[in-house]
Amino acid sequence: MKQKAPQISPNKLYASLLKKKNESDQQQKIVKSPVIQGNVYINSLRNNQGQLKVDAKKSRPTSGKDLKDISTVLLKKTHARQNSKIIETKENSQNLTQSALQLLQKIKAERPDNKIGQIQTSKEILQYHQQLIQKQYQKLLDLSKQTEHNQLQQQQQQQQQQQKQKLFKGPRSISNPDISTLQLCITKAHAKSIPGMLYTGQTKINQDSYKLIQKFGTKENDWYLQVSDGHGTNGHQVAQFVQEILPAYIEQEVMEAPYYYDRDKTINNIFKQSFLKTNEDLLNSGIDVTYSGATTVVVIAFENILYCANIGDSRAIIGRYDTKLQVVELSKDHKPDCFLEQARIIQRGGRVQAYSDEDGNPIGPARVWKLDEDVPGLAMSRSFGDYVASQVGVICEPEIIKHQLLPSDKFLVVASDGIWEFLSNEWVIETVNEYYKKGDAIGACNKLTQAAKEAWQREDEVIDDITVILAFFK
């Protein structure tokens, strides 16, 4: 026999449901976040709870059926509320996460050193880099303009300074030229050489030689002038050898020198090395130079700059006219009794002494001798060859002098001692100056050689070889 379900009174059922509702509300208070909802939410719960009690009293069920329907509805509502609480809790958690992310993005965006964080698309990135490039280009452009401005100011200052210097100099004239625009150089040159005469009246072998080269190197206005004077039995062979070999060495070295070289230092080295190489080749040439050799004077003209290298007693001078005619010496004669030359000879075991007569009186120029022998008796302290003399201090190292042409420089004379033995420097430039006025270099050479020959005939029993080169400046 089936047992009947126990009967529950409506009042007890209602009280039980109400108790469950209160527990559910308490659970709701625990789930709700006081940080997010605050006191407003709690107060609303309290007010709603009081209102629920009033409504419950008004709607108490009166029959068993009503009570059953009410219990069903209350159960459904309870489950719906619980589900809504869970959903609401998840939504609040998501909202909290989104708020935190938005706060972090705002902080990054407000940082001044992180402007790149504001760029969100590839287009904005491209625009940003274009702006950077534009700024860099503008800076370079401004810097370039500033540099050009500074250079322009420097040029203007230099021009002003040059104008002041011109004003200070006064009007431009022959005696007061603008040196920066001066292009003085050799425009005409001529050479002549004649043999001497023996005491027997016979014409001797000409032991002089010369070299005259226009466009020496690569430039039209560069010139090479050389005079060599041989002495001894084979002096003519030595002079001819030097005339062929020395210019070749010098020109080769000049051509190989770079365009940015220090010309003064380089030319000095070229002269010294070329003279030494020529002398070494001469000693190995097969020519007997025991008591034979040659003096040499060389002048190289690089437009308005002259370099003169000399060994021995051949000579180079310039005729200058500045209110009056005057001599400018480009070389010095190397005589054995010059102080420095004599000191070197004595130091190397030689002696310096002229010929002497029966009473011991000196005759003629000072000469170089070995200390214990009366050889070689050389009348100069520097030369090519002369092997015996080279053992007692005679050298082939040239003495080099640089000269920059001035507007008052008129002509150049390069000659062997056949000219200079009896003709003074002053007489020579006075004579040449008359021909310079007419532009007659050939006539000037003829005049000098003839005058020198006549002077030898008057002063000595023999005539030395005579060689001269003339160059006119414009």
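The structure displayed is predicted, hence computed values, not measured ones.

Asks: Looking at this structure, I do not really get the nonpolar core. What am I missing?
Replies: One recurring pattern in soluble globular proteins: nonpolar side chains tend to sit buried together. Formed by 27 residues in total, the largest nonpolar core has its most connected members in Tyr224, Leu246, Ile250, Phe271, Phe275, Ile300 and Phe384. Elements supplying a minimum of two residues to this core: α5 (235-256), α6 (263-283), β4 (293-302) and β5 (305-311). Top element by residues in this core is α5. It accounts for seven residues. Leave out the neighbours within four places in its chain, and Phe275 touches Leu246, Val298, Ala309, Ile311, Phe384, Cys396 and Pro398. In terms of nonpolar packing, the next biggest core, distinct from the first, is built from 26 residues, Ile194, Leu423, Tyr435 and Ala441 among them.

Asks: Looking at this model, I keep getting lost on the packing of aromatic side chains. Mind explaining?
Replies: The relative placement of two aromatic rings is captured by the distance of their centres and the angle of their planes. Inspection of the entire model under this criterion finds eight aromatic pairs. Geometrically, the ring pair formed by Phe302 and Tyr307 is edge-to-face, given 6.1 Å between the ring centres and 70° between the ring planes. Residue classification places Phe302 among the buried positions, given a relative accessible area of 6%. A relative accessible area of 2% places Tyr307 in the buried class. Centre to centre, the rings of Tyr436 and Phe472 are 5.2 Å apart; their planes meet at 85°, and the pair counts as edge-to-face. Placement of the pair is Tyr436 in helix α10 (residues 425-438) and Phe472 in strand β14 (residues 466-473), with a sequence separation of 36 residues. The pair formed by Tyr436 and Phe472 is uniform in burial state, with each residue classed as buried. Three or more aromatic residues joined by ring pairs make a cluster, and in this case those are Phe271, Phe275 and Phe384. For Lys438, the ring lying beneath its charged end belongs to Tyr435, and the centroid distance is 4.7 Å.

Asks: I'm lost on a negative patch on the surface in this one. Help?
Replies: There is a patch of like negative charges on the surface, built from Glu421, Glu459, Asp460 and Glu461. Along the chain, Asp460 turns up in the loop between α11 (441-459) and β14. Overall, the relative accessible area of 37% leaves Asp460 in the partly exposed class.

Asks: Is there a simple way to think about the sheet that holds strand β6 (residues 315-321) in this case?
Replies: Hydrogen bonds along the backbone pair up the strands of a sheet, which may run parallel or antiparallel. Pairing is antiparallel in the open sheet, where five strands are placed in the order β1-β14-β13-β6-β7. Two strands lie at the open edges of the sheet, namely β1 (186-194) and β7 (325-329), each paired on one side alone. When the angles between neighbouring strand axes are averaged without regard to direction, this sheet yields 20°. In this structure, β1 lies alongside β14, joined through eight bridges in antiparallel fashion. Each residue of the ladder has a partner; that of Ala189, found in β14, is Ala471. Where α10 meets the sheet, its contacts fall on β6, β7, β13 (409-415) and β14, and the angle it forms with β7 comes to roughly 115°.

Cut-offs applied
Residues numbered from 1 in each chain as written. Predicted model: local features only at pLDDT ≥ 70, side-chain atom pairs only at ≥ 80, totals over all residues. Heavy atoms only, no water. Core = buried A, V, L, I, M, F, W, Y, C linked by side-chain atoms within 4.5 Å. Buried < 20%, exposed > 50% of the residue type's maximum accessible area, 1.4 Å probe, protein only. Helix = DSSP H or I, 4+ residues; strand = E, 2+ residues; numbered from the N terminus. Contact = heavy atoms within 4.5 Å. Phe/Tyr/Trp six-rings, centres within 6.5 Å; stacked < 30°, edge-to-face > 60°. Lys NZ or Arg CZ within 6 Å of the ring centre and 35° of its normal. Patch = residues over 30% accessible without salt bridge, like charges linked within 9 Å, V, L, I, M, F, W, Y side chains within 5 Å. Areas by Shrake-Rupley, 256 points an atom, 1.4 Å probe, with all protein chains shown as cover. Salt bridge = Lys/Arg side-chain N within 4 Å of Asp/Glu carboxyl O. Lys, Arg positive; Asp, Glu negative; His and termini not counted. Charge placed at Lys NZ, Arg CZ, Asp CG, Glu CD. Pairing = 2+ DSSP bridges. Axes fitted to C-alpha atoms, helices over the stretch in contact; angles between N-to-C directions.

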